[in-house]
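# Fold and contact review
What follows is the residue order along each chain.
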Amino acid sequence: MSAWERELDEAARELDGADTLAFGGVGLAGQVLPATEAYRTLEQGLREHPEAARKRVDKLLRKGSPAGRAYAATLLEAVDPAAGRDAWARLRDDDGEFTTFSGCLMGRATLGEYAADRLADAEGS
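Residues numbered from 1 in each chain as written. Predicted model: local features only at pLDDT ≥ 70, side-chain atom pairs only at ≥ 80, totals over all residues. Heavy atoms only, no water.

A few words now on the side chain of Thr36. One can find Thr36 in helix H2 (residues 34–48). The class of Thr36 is buried, set by a relative accessible area of 0%. (Helix = DSSP H or I, 4+ residues; strand = E, 2+ residues; numbered from the N terminus. Buried < 20%, exposed > 50% of the residue type's maximum accessible area, 1.4 Å probe, protein only.)

What follows is the structure, encoded as C-alpha cells:
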C-alpha cells in the first residue's frame, strides 16, 4: 500500500468516528480539529486520486458516524453536485446528533436537520 493510500485510510478512519463538524479553526485560538484535517486530506485525495478517495467517501457516507456522514456528503457534493444532493436527501431523516462549530460558536444538530439545511441552501442558490 502506498503512502497516499495509507493517508486516505487514516483520514477516513478519523472521520468515521468524528463527533464534531468543523470546516475551519475553532475556538478563540482557531484550533484545527483532527476531523477537519482528515476532511482536508480526503478533499485533496478527491483531486489527486479521485477513484480511490471516492471509494472511501462512499463507504463513510454509508457507515460513518453522523458527523462523518455529514463530512462525506459535503465532500461528495463538491465533486458531484447531483450525488451530493442525493446523499443529503437520504440523510434528511437521520436523527443522529453531532457538535457543530462555526469559528467560536459551538452548537448541536441532528444529521437530518443539517441535511435539510444543506438542501435548502442548494435550492436557494
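Here the narrative resumes.
One can describe the packing of H2 onto helix H3 (residues 50–63) by two numbers: an axis separation of 6 Å at closest approach and a directional angle of 135 degrees. The pairing of H2 with H3 is recorded here as oblique in orientation. In terms of crossing hand, the pair formed by H2 and H3 is left-handed. Between H2 and H3, the residues in contact are Leu42, Gly45, Leu46, Arg47 and Glu48 and Pro50, Ala53, Arg54, Arg56, Val57 and Leu60, respectively. Taken together, the residues that form the contact of H2 with H3 break down as 6 nonpolar, 1 polar and 4 charged. (Axes fitted to C-alpha atoms, helices over the stretch in contact; angles between N-to-C directions. Parallel < 35°, antiparallel > 145°, perpendicular 65-115°, else oblique. Left-handed = near helix turned anticlockwise from the far one by under 90°. Contact = heavy atoms within 4.5 Å. Nonpolar A, V, L, I, M, F, W, Y, C, P; charged D, E, K, R; others polar.)

Another point: the environment of Ser65. Checked against the element boundaries, Ser65 lands in the loop between H3 and helix H4 (66–79). Remark: the alpha-carbon pair of Ser65 and Gly17, spanning 48 residues in sequence, is separated by 5.5 Å.

For Ser65, a relative accessible area of 13% gives the class buried. Only 3.0 Å separates the side chain of Ser65 from the backbone nitrogen of Gly68, close enough to count as a polar contact. Setting aside residues up to four positions removed in sequence, Ser65 forms contacts with Leu15, Asp16, Gly17 and Ala18. (Polar contact = N/O pair within 3.5 Å; in protein donor to acceptor, adjacent residues only side chain to side chain.)

Right, let's talk about the nonpolar core for a bit. Counting 34 residues, the largest nonpolar core has Leu15, Tyr71 and Trp88 as its most contacted members. Among the secondary structure elements, those contributing two or more residues to this core are helix H1 (3–16), H2, H3, H4, helix H5 (81–91) and helix H6 (111–124). Sequence-distant contacts of Trp88, defined by excluding residues within four places in its chain, comprise Ala70, Ala73, Thr74, Glu77, Tyr114, Ala115, Arg118 and Leu119. (Core = buried A, V, L, I, M, F, W, Y, C linked by side-chain atoms within 4.5 Å.)

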